[in-house]
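Each chain, written out:
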2 protein chains.
Amino acid sequence: MADKVSPLAPAGFPFLPVLPGVRFAAHACGIRYRDRTDLLVMELPAGTAAAGVLTTSKTRSAPVDWCAHALKKGRGRVVVVNAGNANAFTGEKGVASVRRTVEAAAAVFGCKETEVYVSSTGTIGEFLPDEKITAALPEVARHLKGEDWERAARAIMTTDTFPKAATRTAMIGKTKVTLNGIAKGSGMIAPDMATMLAYVVTDAAIPAEVLQSLLKKGADRSFNSITVDGDTSTSDTLLLFATGTAGNKRPEKAGDKLLKDFKEKLFDLLTDLSHQVVKDGEGASKFVEIRVTGAESAKAARIIGLAIANSPLVKTAIAGEDANWGRVVMAVGKSGQKADRDKLCIRIGGVEVARNGLAVPGYDETPVVAHMKGQNIVIEASVGIADGKAVVWTCDLTHDYIDINGSYRS
Amino acid sequence: MADKVSPLAPAGFPFLPVLPGVRFAAHACGIRYRDRTDLLVMELPAGTAAAGVLTTSKTRSAPVDWCAHALKKGRGRVVVVNAGNANAFTGEKGVASVRRTVEAAAAVFGCKETEVYVSSTGTIGEFLPDEKITAALPEVARHLKGEDWERAARAIMTTDTFPKAATRTAMIGKTKVTLNGIAKGSGMIAPDMATMLAYVVTDAAIPAEVLQSLLKKGADRSFNSITVDGDTSTSDTLLLFATGTAGNKRPEKAGDKLLKDFKEKLFDLLTDLSHQVVKDGEGASKFVEIRVTGAESAKAARIIGLAIANSPLVKTAIAGEDANWGRVVMAVGKSGQKADRDKLCIRIGGVEVARNGLAVPGYDETPVVAHMKGQNIVIEASVGIADGKAVVWTCDLTHDYIDINGSYRS
C-alpha cells in the first residue's frame, strides 16, 4: 500500500447498505504485510447464484482455476480473498493450498466446496502460507458483520492507494433491489482482467445462467475496456453473486424486460468500479477517456481504442500535457484494424484538431491547451470505415509509474 | 538530436568501403533543423535490383505508399531521404509532395520514376516543404561521392544520439561481395521523430525477387524482432539494393546454395543495425535479449518474446535492476500463445530461477544480481509446448524515456 493517495481518488468511500444475509470480516494474517488486514471472508446466504469473469492469461493462478471449476455449479456461499501473495506459478503446492483453503472454508461454513470461491493477489512465485488462512477461518467466522464494506475493501488492497466500492439500486418489476461492489487493482491492468479483483453482491433473485450472461456483457464494456499498462494479471477475477433475498419476480433470461433497469445499473456499477481502478493506476495523474467511432465493428473500435490507450507515446504526451495528435494517428495505424487515413478525424477535449486526414488549419489551441492541463482528458478518433464504436479508459504514464514498478519487490 | 549519447552506443563509427557506382551526398535544406544536414541523396548504378520491407501501419505515410508502388518494378537508381518532417497524415498535399520529389529526382538523375525511392522522417501532420528538396537536388547531384558513409548516416538522424552503420563481406561462389548498411531510429519506432529507416546496399548481383525473399526473412529475425515501446511508425522503411558490380554468378532462387554465406552475412548485418536502433532506444540504459524456446511455433515464440519485451512491468523491473521473474511469467501468460504453466522455466543471465512452474529453491542470487547490474541483460523463457523458438531484443523503460516523450513537441 502506497503512502500517497492517487490525485484521482474519489472524495470519500461511498455508503454501502447492508444486504440481508451477506456478512463479512477482515483479518490480519500476516501473510506478507505487517500491521494491516490481508484476509477478507464473505458469507452469502443459502441459495445464492454465482457468475464470474476470469483472466484469459495462459498462466493463470491456481485460485483462478478453482473459481472456474466452482462457477460451473453457479452457486456461492463463501468468498475467501488474501492480499500479499498471488499463489501464482506455485505448481502442485499452489493447487494444494487452494484445496486446503476450500476444504477448511466449506467445513467452517457448512457448505459444499464448489460454493467456496478463493482469490489471492500479491507476489507471484512464492508459496502461499495457507495454514495462516485456514487457522484463522474459525475465529474469523465468529466475527462476521453486515456493515463496514470499507473494511472489506481495504483488506484486499495491494499497491492500491485507496479502497474501491460502488453501490446502486434498481427496480426489477415492482421490487427494489440493491447492488454493492468492491474492487482492488492499480497496476498490471489490461483488458481480460489484470491483478484486478472485484466482488459484486445483489439481493436480487436471478438465475446463475442469466447472471453470467449479464456479467459477461457488463465486463466487456467496463473491466475489459480499461487499461493501465497493457499488462494482464494471472489472477484477475470478477465475481457477481445474487442472493435472492429481495424476493423479486425471477427473470427467465438475460433479454427479459424485467431486467432492463437492473442491467443498466449493473453496467453502471461495473463501470464505476473499473474507473476507480484506472484512477488508482500506478503513478496516474490524469484519467483518460478514448472514444472511437467509425470503425468496422464495435470489436474493432475497442482494439483501436486500446491501441491508443496502451501507447507509451500517447500516455507520456498526456503526462506532459501535450496535445500530440500525431501519436494518436500512429496508434490508430498500429492497431491493425481498418482505418481510412484520409477520413480520420481527431478531437481533443471536444475540439477538432484533425479532419479528413489533415490537421485542421488554425484550430483554436487555447481550449485544447486548457483541456490538457485538466485531470480528465477526452480523446475522440473517428476512423471513417463504418459504424463500430467503443469507449476505453486509461491513465497517463508518469515518472511515478517507473518509481513504483522499478522497486516493487525490494 | 539529443545532446547526450546513449550509454549503449558503440565505441565508434565502423569503416564502410566504397561500393562501385554507389555515390551519395548529404545536404542542409533547413526543413526543420538548423545547422545540420537533413537530406540524403544516394545514387545507384544502372541495373540495380531493389527489395523492401515497409511498415504494416494502416495509416502509413505517402512516401511509404510510393516505395510500395516502386518496389513492384524491383529496380533502384536514386534514394532521397529527408529528416525533420515525416510527410505523414498530410492527405493529397503529401501525395503531391512525393510526386514532385520523385519527378525532380528522376529528371536530375535521368532515370524512371519507379527507380526513385523517397523516405521522410520527423513530425507528423505538417506539410513537407518539398520545394526545399527539389530546389537542392541539381546542386546535390553535382557533389556525390562514394565515401563518408558517416555523413550519410548522420543526415537521416532525428532523435538518434549516434549514427548507425554496419558492413559485412560474403562469398557468392568464388566472388567476394560487400554489404553496407545505414539506419536511423531511436527506440520506439515512433511517428514523431523516431521512425526506423534502413538502407542496405550490396555490390552482389542478385535478382530482385530473390533479394525480396532474403530481405523478408532477414527482417523477421532482426528489425521485426526488436521493440522499444511497441509503437509502430507510419513511416518505417527498410530497403535493400543489389548493384551487381561484383560480377558474381547470379543465383536463381533464394534457396540457391550459392547464397548460403551471403544470406548469413545479410542477416548478421540486419541484426547488427537493428540492435543499434534498440541501443539508441529513448532513455535506454540496458540492452535486453529475450530468448523464447519450447513454443508451439517460431511465430508463437516471437509473439511471446515481444509480449515480454513490451511489458512495462518487465521493462521497469529491468531498469530497477530487479530480477523479477514473476513479471516474465505474467507476460508469457498475456501473450495469448500456448504455454504450460507447470513446465515453464526461466533463466536470467544464464541462471535458472524457475523450473517446471516453480521457483528454483535456493538458487544462487549472487550472479543474478550482478547480471542485472550490467548493461546486457539476457532473459530466457522455455514454455514447454513444442520446439518453436525466437529471440527478440529490447531496452529498459526509464525516467529518461518519459522526459524525452513527455515534452517532445514543446
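On a predicted model such as this, the values are computed, not experimentally measured, just so you know.

**Q** How would you summarise the overall build of chain A if you had to cite specific residues and measurements?
**A** A count of helical and extended segments in chain A gives eleven helices and 15 strands. Expressed along its principal axes, the backbone C-alpha trace of chain A runs to roughly 70 × 55 × 40 Å. In chain A, buried positions account for 63% of the 410 residues. As displayed, chain A offers around 14500 Å² of accessible surface, 51% of which is attributable to carbon and sulfur atoms.

**Q** Please set out the interface of chain B and chain A residue by residue, giving values where relevant.
**A** Taken together, the contact pairs 59 residues of chain B with 58 residues of chain A. With both sides pooled, the region where chain B packs onto chain A buries about 5000 Å², and carbon together with sulfur makes up 60% of that total. At the boundary of chain B with chain A, the tally comes to two salt bridges. Between B:Arg341 and A:Asp65 there is a salt bridge, with the nearest N and O atoms lying 3.0 Å from each other. The tally of links from chain B across to chain A stands at eight residue pairs in polar contact (both at pLDDT 80 or more). Within the residue set of the side of chain B that touches chain A, elements represented by two or more residues are helix H1 (62-71), helix H8 (312-319), helix H9 (325-334), strand S13 (358-359) and helix H11 (399-405) of chain B. Partitioned by chemical class, the residues of the side of chain B that touches chain A number 24 nonpolar, 22 polar and 13 charged.

**Q** Explain the packing of aromatic side chains to me, using residue names and the numbers behind them.
**A** Residues and elements named next belong to chain B. Under the counting rule described, the total for this entry stands at six aromatic pairs over all chains. Look at Tyr117 and Phe241: their rings are 5.5 Å apart centre to centre, the planes differ by 70°, and that puts the pair in the edge-to-face class. Taken as a pair, Tyr117 in strand S5 (residues 116-123) and Phe241 in strand S9 (residues 237-242) lie far apart in primary sequence, 124 residues in all. Both residues of the pair, Tyr117 and Phe241, count as buried. Lys93 extends its terminal NZ or CZ atom over the ring of Phe127, reaching a point 4.4 Å from the ring centre.

**Q** Give me the UniProt feature "binding site: substrate" (unreviewed entry) in chain A: which residues, what numbers.
**A** All names here are of chain A. Sequence positions flagged by UniProt for "binding site: substrate" (unreviewed entry) are, in local numbering, Thr158, Lys184, Thr195, Glu282, Asn405 and Ser410. With respect to the helices, strands and loops of the structure, Lys184 is situated in strand S7 (residues 175-184). In terms of polar contacts, Lys184 uses its side chain to reach the side chain of Thr121, at 2.8 Å.

**Q** Account for the domain arrangement of chain A, with residues named and values stated.
**A** The parts lose accessible area when they come together, and the size of an interface is often stated as this lost area. Residue and element names in this part refer to chain A. Per the domain assignment, the segments making up chain A are domain 1 (23-279) and domain 2 (287-405). Each of domain 1 and domain 2 was reduced to a C-alpha centroid, and the two centroids are 32 Å apart. Counting residues at the interface gives 14 residues for domain 1 and twelve residues for domain 2. For the pair domain 1 and domain 2, the two sides together bury roughly 1100 Å², of which 62% comes from carbon and sulfur. In this structure, the connection of domain 1 to domain 2 is made through one salt bridge. A salt bridge links Asp220 to Arg302, with the shortest nitrogen-to-oxygen separation between them at 3.9 Å. Connecting domain 1 to domain 2 are three residue pairs in polar contact (both at pLDDT 80 or more). Per-element accounting of the side of domain 1 that touches domain 2 gives the leading share, four residues, to helix H6 (residues 260-279). Of the residues contributing to the side of domain 1 that touches domain 2, the split by class is four nonpolar, six polar and four charged.

**Q** How would you explain helix H5 (residues 208-220) of chain B if you had to name every residue and give the values?
**A** Residues and elements named next belong to chain B. An ideal rise of 1.5 Å per residue puts 18 Å on 13 residues; H5 measures up with 18 Å between its terminal C-alpha atoms. Along H5, the positions that sit buried rather than exposed are Ala208, Val210, Leu211, Leu214, Leu215, Gly218 and Ala219. Mapping the buried residues of H5 onto a view down its axis gives an arc of 160°, with all of them on the same face. Buried residues along H5 sit against strand S3 (49-54), S9 and helix H6 (260-279).

**Q** Hey, could you go over the state of the cysteines for me, with residue numbers and the actual values?
**A** By the definition in use, this model includes zero disulfides over all chains. No disulfide involves A:Cys111; its nearest neighbouring cysteine sulfur is the one of A:Cys67, lying 13 Å away.

**Q** Account for the relation of the copies chain B and chain A, with residues named and values stated.
**A** Between the two copies of the chain lies a relationship made up of a rotation around an axis and a movement along it. Rotating chain B by 180° and translating it 0.1 Å along the rotation axis places it on chain A, where the RMSD comes to 0.2 Å. Seen this way, the second copy is the image of the first under a two-fold rotation axis. Closest approach to the rotation axis within chain B is made by the C-alpha atom of B:His399, at a distance of 2.8 Å.

**Q** Can you tell me about the side chain of B:Glu352, naming the residues and giving the values?
**A** Residue and element names in this part refer to chain B. Here Glu352 is to be found in strand S12 (residues 351-355). In this structure the side chain of Glu352 is engaged in a polar contact, spanning 2.6 Å, whose partner is the side chain of Arg355. Non-local contacts of Glu352, meaning those with residues more than four positions away in its chain, are made with Cys345, Ile346, Arg347, Val360 and Tyr363.

**Q** Describe in detail the packing of helix H2 (residues 91-109) of chain B against helix H3 (residues 130-141) of chain B, supporting the description with residues and values.
**A** All names here are of chain B. With their axes 9 Å apart at the nearest point, H2 and H3 run at an angle of 10° to one another. As summarised for this structure, H2 and H3 are arranged roughly parallel, according to the angle between their axes. Contact residues: Ser97, Arg100, Thr101, Ala104, Ala105, Val108 and Phe109 in H2; Asp130, Ile133, Thr134, Leu137, Pro138 and Ala141 in H3. For the contact of H2 with H3, the residue count by class is eight nonpolar, three polar and two charged.

**Q** Run through the sheet that holds strand S1 (residues 23-27) of chain A, naming residues and quoting values.
**A** Residues and elements named next belong to chain A. With respect to topology, four strands assemble into an open sheet ordered S1-S2-S4-S5, the strand pairing being mixed. In this open sheet, the two edge strands, each paired with only one partner strand, are S1 and strand S5 (116-123). Averaged over all adjacent pairs, the angle separating strand axes in this sheet is 10°, with direction ignored. When strand S4 (residues 78-85) meets S5, the two strands line up parallel, connected through eight bridges.

**Q** Report on the sheet that holds strand S15 (residues 388-395) of chain B, specifying residues and quantitative values.
**A** Residues and elements named next belong to chain B. Sheet architecture is open: six strands sit in the order S13-S12-S11-S14-S10-S15, paired in mixed fashion. With partners counted over all chains shown, the strands left at the sheet margins are S13 and S15, one partner each. Pairing of strand S10 (residues 287-295) with strand S14 (residues 376-382) involves seven bridges; the strand directions are parallel. Residue pairing across strands places Val292 opposite Ala381, the latter belonging to S14. Packing of H9 onto the sheet brings it into contact with strand S11 (345-348), S12, S13 and S14, and relative to S11 it is tilted by some 135°.

**Q** I'd like a rundown of helix H9 (residues 325-334) of chain A, residues and numbers included.
**A** One full turn of an α-helix is made of 3.6 residues, so residues set three or four places apart face in the same direction. All names here are of chain A. Along H9, nine of the ten residues are buried, which leaves the element largely enclosed by surrounding structure. Among the residues of H9, those classed as buried are Trp325, Gly326, Arg327, Val328, Val329, Met330, Ala331, Val332 and Gly333. Phi turns positive one or two residues past the end of H9, at Gly336, with a value near 85°.

About the criteria used
- Going along each chain's sequence as written, the residues are numbered from 1 onward.
- Naming scheme: in the order in which they are written, chains are lettered from A and ligands are numbered from 1.
- Per-residue local features are limited, in this predicted model, to residues with pLDDT of at least 70; the limit for side-chain atom pairs, both in listing and counting, is 80 or more; totals at the level of whole chains, interfaces and linings are taken over all residues.
- Note: side-chain values were computed over all heavy atoms of the structure, leaving out hydrogens and water.
- The numbering of helices and of strands both runs from the N terminus, where a helix is a DSSP run of H or I of at least 4 residues and a strand a run of E of at least 2.
- Think of it in three bands: with a 1.4 Å probe and only protein chains considered, a residue is buried below 20% of the maximum accessible area for its type, exposed above 50%, and partly exposed in between.
- For the area figures, the Shrake-Rupley method with a 1.4 Å probe applies, and any residue is considered shielded solely by the protein chains shown.
- In this analysis, two residues are considered to be in contact whenever any of their non-hydrogen atoms come within 4.5 Å of each other.
- Accessible area that two parts lose when put together, evaluated with a 1.4 Å probe and summed over both, is termed the buried area.
- Here, a salt bridge means any Lys or Arg side-chain nitrogen found within 4 Å of an Asp or Glu carboxyl oxygen.
- By the criterion applied in these results, polar contacts are pairs of N or O atoms within 3.5 Å in which, for protein atoms, one can donate a hydrogen and the other can accept it, and in which residues neighboring in sequence qualify only through two side-chain atoms.
- The classification used treats Ala, Val, Leu, Ile, Met, Phe, Trp, Tyr, Cys and Pro as nonpolar, Asp, Glu, Lys and Arg as charged, and all other residues, Gly among them, as polar.
- For this analysis, a ring pair means two rings from Phe, Tyr or Trp (six-membered ring only for Trp) whose centres lie within 6.5 Å, classed as stacked if their planes differ by under 30 degrees, edge-to-face if by over 60, and tilted for the remaining angles.
- In this analysis the charged atom, NZ for Lys or CZ for Arg, is taken to sit over a ring once it is within 6 Å of the ring centre and within 35 degrees of the ring normal.
- UniProt positions are given in the numbering used here, feature names are shortened, and annotations may be inferred rather than shown by experiment.
- Where each domain begins and ends is defined by an automated method or by a domain database.
- Expected helix span is computed as 1.5 Å times (number of residues minus one).
- When we speak of the arc, we mean the arc of directions from the helix axis to the C-beta atoms.
- Note on terminology: pairs of cysteine sulfur atoms within 2.5 Å are recorded as disulfides.
- Least-squares superposition aligns the copies on the C-alpha atoms of those residues with pLDDT at or above 70 in both.
- To get an axis, a line is fitted to the C-alpha atoms, and for a helix only the part in contact is used. The angle between two axes follows their N-to-C directions and goes from 0 to 180 degrees.
- Angle categories are assigned with fixed cut-offs, so that under 35 degrees is roughly parallel, over 145 is roughly antiparallel, 65 to 115 is roughly perpendicular, and the rest are oblique.
- Two strands are counted as paired when DSSP detects at least two bridges linking them.

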